[in-house]
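Coordinate inspection notes
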There are 2 protein chains.
Amino acid sequence: MRVATRMSASIPDDLRDLVDRPLFAALGTIRPDNTVQVNPMWFDYDGEHLTFTHTTYRAKYRNLQNNPSMSLLITDPDDPLRFVELRGALARVEPDPEGAFYVHLGRRYGNADQSPPPDAADRVILYMRIDRVAHH
Amino acid sequence: MRVATRMSASIPDDLRDLVDRPLFAALGTIRPDNTVQVNPMWFDYDGEHLTFTHTTYRAKYRNLQNNPSMSLLITDPDDPLRFVELRGALARVEPDPEGAFYVHLGRRYGNADQSPPPDAADRVILYMRIDRVAHH
């Protein structure tokens, strides 16, 4: 693949659908031993931050405590040349002890009957700040 | 998304199709300032290494000279819960001055008439060693 990548400070209007649609995205984080990790993630976008549901005892959370850098690649499944890579960092973490945000995301991703997860007590919402946007 | 991730030393047989199919994958690398980068990539798999076409003057190449860590997430577009994350590192770089490997990948990804790229003289093949496999 040979795609000229452009950089922007914000999400271009013609790619905004990629954050509005319930797509599976690829989140990059850095492990404490300075190796890279990429995980499939549900996400939402509130117009300023990308938001994720997570638990406090998983590897990604430990990664982010050590290095707050995050990068999310979202690709259009109908046209893989349409993509955005959102680069930024963890801005804040909020508790989600009832799993309400988890339920919100589950519904966004098509499960109308989403119930809170069994690990709700450990659930948190990760807010990711967007610093730069790379796109086609 | 709440998916129990399992770790293996090699690609599970029931997910082998994910490396055999010409899917767009998400490659994570680490920038010299210790921030993370995730790019959409064409790839191939020779049974041992993942292979990528690249040029020597791009950011990812500079990233890998500084930190050889690589992680490739491949997701089944027909079922996003089927995925593999292949963790490893750059094993070696080979020149591809005629762009022959680029042409091979272009054909793999459906362009029967793929011609060498204009930047063929700077093309290289990246060989990625696989150390661990995370999967659903």
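Here, residues in each chain are numbered from 1, in the same order as that chain's written sequence. Whichever chain is written first becomes A and whichever ligand is written first becomes 1, with later ones labelled in order. Under the rules for a predicted model, residues below a pLDDT of 70 receive no local features and side-chain atom pairs below 80 are neither given nor counted, while totals for whole chains, interfaces and linings still include all residues. Neither water nor hydrogens contribute to the side-chain values; these are computed over all heavy atoms in the structure.

Re the overall build of chain A
- Here a helix means four or more residues in a row that DSSP labels H or I, a strand means two or more in a row labelled E, and each is numbered from the N terminus. Within chain A, the secondary structure is distributed over three helices and eight strands.
- When the helices and strands of chain A are read in sequence order from the N terminus, they spell out β-α-β-β-β-β-α-β-β-α-β.
- Here the globule rule reads 2.2 Å times residues to the power 0.38, and the radius of gyration is calculated from C-alpha atoms. By the compact-globule yardstick of 14 Å for 136 residues, chain A fits well, its C-alpha radius of gyration being 15 Å.
- With the C-alpha coordinates aligned to their principal axes, the bounding extent of chain A is approximately 45 × 40 × 25 Å.
- Counting every position in chain A, which comprises 136 residues, the buried fraction comes to 55%.
- Excluding contacts between residues fewer than 6 apart, the proportion of contacts in chain A whose partners are at least 24 apart in sequence is 70%.
- What sets the accessible areas is the Shrake-Rupley method with a 1.4 Å probe; for residues, cover comes only from the shown protein chains. Accessible surface, chain A: about 6000 Å² in total, of which carbon and sulfur atoms supply 47%.
- In this charge count, Lys and Arg are treated as positive and Asp and Glu as negative; neither His nor the chain ends contribute. For charged residues, the charge sits on one atom: NZ in Lys, CZ in Arg, CG in Asp, CD in Glu. Positive and negative side-chain charges of chain A, numbering 16 and 19 respectively, have mean locations separated by a distance of 6 Å. Three labels apply to residues, based on accessible area from a 1.4 Å probe with only protein chains included: buried if under 20% of the type maximum, exposed if over 50%, partly exposed otherwise in between. Any two residues whose heavy atoms approach within 4.5 Å at even a single point are treated as in contact.

Quick look at the relation of the copies chain B and chain A
- When the copies are superposed, the least-squares fit takes in the C-alpha atoms of residues with a pLDDT of at least 70 in both. In screw terms, the move from chain B to chain A is a rotation of 180° and a rise of 0.0 Å along the axis, fitting with an RMSD of 0.0 Å. Considering both components of the superposition, the chain copies are consistent with a two-fold axis.
- In this assembly, 100% of the residues forming the interface of chain B have copies in chain A that are likewise at the interface, indicating an isologous arrangement.

Re helix α3 (residues 100-108) of chain A
Residue and element names in this part refer to chain A.
- When we look at burial in α3, the residues that qualify are Phe 101, Tyr 102, Val 103, Leu 105, Gly 106 and Arg 108.
- Those residues of α3 that are buried lie in contact with α1 (17-20), β4 (44-45), β5 (50-55) and β8 (123-135).
- Looking one or two residues beyond α3, the residue adopting positive phi is Gly 110, at roughly 100°.

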